[in-house]
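Notes for the structure review
Here are the chains, one letter per residue:
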Amino acid sequence: MPILQKILVRLGSSALMLIAVSIVAFIIVSLPPGDFADSYAASKISSGETVTLAEIEAIRRQFGLDKPLYLQYFKWIGGMVQGDFGFSWGYSRPVTEVIGERLPMTILIATGTLLFTYITAIPLGIYSALRQYSVADYTFTILGYIGLATPNFLLALLLMFGATTWFGVSVGGLFSLEYQDAAWSMGRFWDLLTHIWVPIIVLGTAGTAFQLRIMRATLLEELNKMYVTAARATGLSEFKMILKYPVRLALNPIVSTLGWELTTVISGAPIIGLVLSLPDTGPMFINALKSQDMFLAGAMMLIYCILVMIGSFISDILLMIVDPRVRMGAST
Amino acid sequence: MSDDYLLKVEDLTISLDVDNASFSIVEGVNLTIKAGRVFALVGESGSGKTIVSLSILRLLGKGVSITGGKILFKDDQAQTIDIVKLNSKGKPIQAIRAAQIGMIFQEPMSSFSPVHTIGNQIEEVIHLHLDLDKKQARQKCIEMLGKVGIVNPERAIDQYPFEFSGGMRQRAMIARAMICNPKLLIADEPTTALDVTIQAQILKLMKDLQNELNMANLFISHNIGVIAQIADDVAIMYMGKIVEQGPVRDILRNPRHPYTKGLLRAIPHLADIGRSRRLEPIAGSVPNLYERPNGCPFAARCSEFIENICDRDFPKSTEIATDHTVFCHHVERDQNQQNLVVNI
Ligand SMILES: Nc1ncnc2c1ncn2[C@@H]1O[C@H](COP(=O)(O)OP(=O)(O)O)[C@@H](O)[C@H]1O
Ligand SMILES: [Mg+2]
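Residues numbered from 1 in each chain as written. Chains lettered and ligands numbered in written order. Predicted model: local features only at pLDDT ≥ 70, side-chain atom pairs only at ≥ 80, totals over all residues. Heavy atoms only, no water.

All names here are of chain A. Each assigned domain of chain A is listed here: domain 1 (22-84) and domain 2 (101-170 + 197-330). Measuring from the centre of the C-alpha atoms in domain 1 to the corresponding centre in domain 2 gives 38 Å. If you look at the interface, domain 1 gives 16 residues, while domain 2 gives 10 residues. Note on domain 1 versus domain 2: buried area summed over both sides is about 1000 Å², and carbon and sulfur give 76% of it. If you sort the residues of domain 1 by the area they bury against domain 2, Val 29, Phe 36 and Trp 76 come out on top, with a joint share of 43%. Taken together, the links from domain 1 to domain 2 amount to 0 salt bridges. Seen at the junction of domain 1 and domain 2, the total is 0 residue pairs in polar contact (both at pLDDT 80 or more). (Domains from an automatic or database assignment. Contact = heavy atoms within 4.5 Å. Buried area = accessible area lost by both parts, 1.4 Å probe. Salt bridge = Lys/Arg side-chain N within 4 Å of Asp/Glu carboxyl O. Polar contact = N/O pair within 3.5 Å; in protein donor to acceptor, adjacent residues only side chain to side chain.)

Have a look at this one:
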């Protein structure tokens, strides 16, 4: 079963990758000079309290910060394997809890962004290619370039500004005040929908523009191929022919960039989370990095990497589904 | 000429739009294809053969369009349809494609979608035109694959084109084009892209199927040598114009146009192997299409060129035997002299 074999190999290499990533993540969070004990002392002193050296040493010992780096790593990763992600000093709670209550929002935003990207880009790209050089095609092209060229944070600020001045609604965060801590209900869900489109548009615009260009270019190329003329010669209607043959082939590059697209979304999300004050993992991650809350930052970094790896894994599997040449290992 | 035709192309002109200019790449072409017969269209590469064949099914690409003439087709209800008048994306032409006129293309490697199985792409044609359920369609497809000489058709039907060799793909293409039993099969250089031994097999297959199913065939080739084996009638094309046309025996025994003669001299003969007779390719090459000369298009390469005549007007058609016509000033002049002699 070559397909199963391919998937297993792919999983195995993902696991190796994960180990490598965990080492890198750990080094990155331990890299800045000083440690949590230092920044703890700094914050105490700045609020007017006094801290003795002995107290700082005690904190160091308590968290094992006095041990060599590699021992710290093994302790950390050993705990991870058992589901213990360590303790967040900043939040004074276990890392699993802190991340657990925010991660679903991050996943929701990332999934929503990808859906938005593909649901918009694929039909518009097809339309642009079929009506090449039409007004609509030029419009999408221009909007696309603007979308690609606008930095995400600027787009976020513009959207917030626009929504507040013209529609009088505040679109920061993911919930209105009254639903902030309410239990889930239809009302709360609707409230979420009225907020979540902002980060989705902000994070998805560049990707949509990019995928639209790819779809258009690939479809135009496919439409010139001989198999299209041969399919027309069977008497298939133009619409069905285009959907069945050239569009199907033009999906290849779209599918193979899925993992990469998710990476862009995930790496762009924290800053946008901060700008829009979203209750997702973004602002938490940035704060953890700033305050050297190393277990929280390290765990989050690892989770982001896992999300990206899942994305590219799904992309590979989808590519095998849409293209038998990939599935059967034929040279294309 | 009699009226018992299946497809009749009358005065067909096809133009190419480049920027704001328009060039005719096929001019004033007349062809008559009779039911059950093999009609060969022969000419060097670039002479416009593919363009003519695509126009019959209204498959011309962007920027290429029919600008004059008629393509009359007698459909299965004995109605005469002018294909030129149909909408190229409409139902009537779609009902003709594959059902009544099938087509095989030059490049078997690229005429199938690489991501759909062979069976899927052939069964699709059955579902479009015949009233069969899924199981029957699959059965018919397997039978057809067997008929075109694909070994183990039960397995082949679920394979992808990339698992097939070039010859196998061309066989599958023939199956796809003939599955609905069309009255006319257009084969655009079906063997050009294949190895010589495979070429012979495919030619034999097409000939057998044509006899068995009593189909008419528009067979396109740049190789006049193949024609003797397969065709009943021949038209020789040069720069988008027909220069000589007639029954294959007449053309091979008594070629009259200097271009036809040149093509015939350029084929290797079995009898010549081992002897020192050299092949004589026609001197010069096909002129640029965008600089179409006023007179006979072949004038610049012609050994029998007559100044002030051949470079002035395109020659009129001269009928030198039943159904054998030539477009050549030389032939025209000879014929006039003969008539003169007869009249005296
Ligand atoms: N889409 C096109 N754009 C530009 N030129 C074309 C196009 N299609 C055909 N031609 C030109 O028309 C001429 C006839 O082409 P074709 O019918 O393919 O010749 P043949 O099949 O006899 O080799 C060639 O000179 C070719 O370059
Ligand atoms: Mg050709």
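There is more to say, and it comes next.
Residues and elements named next belong to chain A. Spanning 29 residues, helix H1 (residues 2-30) covers 42 Å between terminal C-alpha atoms, matching the ideal 42 Å at 1.5 Å per step. Those residues of H1 that sit buried are Ser 14, Val 21, Ser 22, Ala 25, Phe 26 and Val 29. Along its buried surface, H1 packs onto helix H4 (69-81), helix H14 (281-290) and helix H15 (294-322). (Helix = DSSP H or I, 4+ residues; strand = E, 2+ residues; numbered from the N terminus. Expected span 1.5 Å × (residues − 1). Buried < 20%, exposed > 50% of the residue type's maximum accessible area, 1.4 Å probe, protein only.)

This brings us to the interface of chain A and chain B. On the chain B side, the residues contacting the 24 residues of chain A number 28 residues. When chain A packs against chain B, close to 2200 Å² is buried across both sides, 66% of that on carbon and sulfur atoms. Here chain A is connected to chain B by 1 salt bridge. The salt bridge involving A:Lys244 is made with B:Glu124; its shortest N-O contact spans 2.8 Å. Linking chain A with chain B are 8 residue pairs in polar contact (both at pLDDT 80 or more), by the criterion used here.

One finds B:Leu7 and B:Ile101 to be the most contacted residues of the largest nonpolar core, which totals 103 residues. In terms of domain composition, this core takes at least three residues from each of domain 1 (1-100 + 182-283) and domain 2 (109-179) of chain B. Other than its neighbours up to four places away in sequence, B:Leu7 contacts B:Leu31, B:Thr32, B:Ile33, B:Ile56, B:Ile71, B:Leu72, B:Phe73, B:Ile83, B:Ile101 and B:Leu184. Core analysis: the second largest hydrophobic core is formed by 78 residues, A:Ala163, A:Met241, A:Ile242 and A:Ile303 among them. (Core = buried A, V, L, I, M, F, W, Y, C linked by side-chain atoms within 4.5 Å.)

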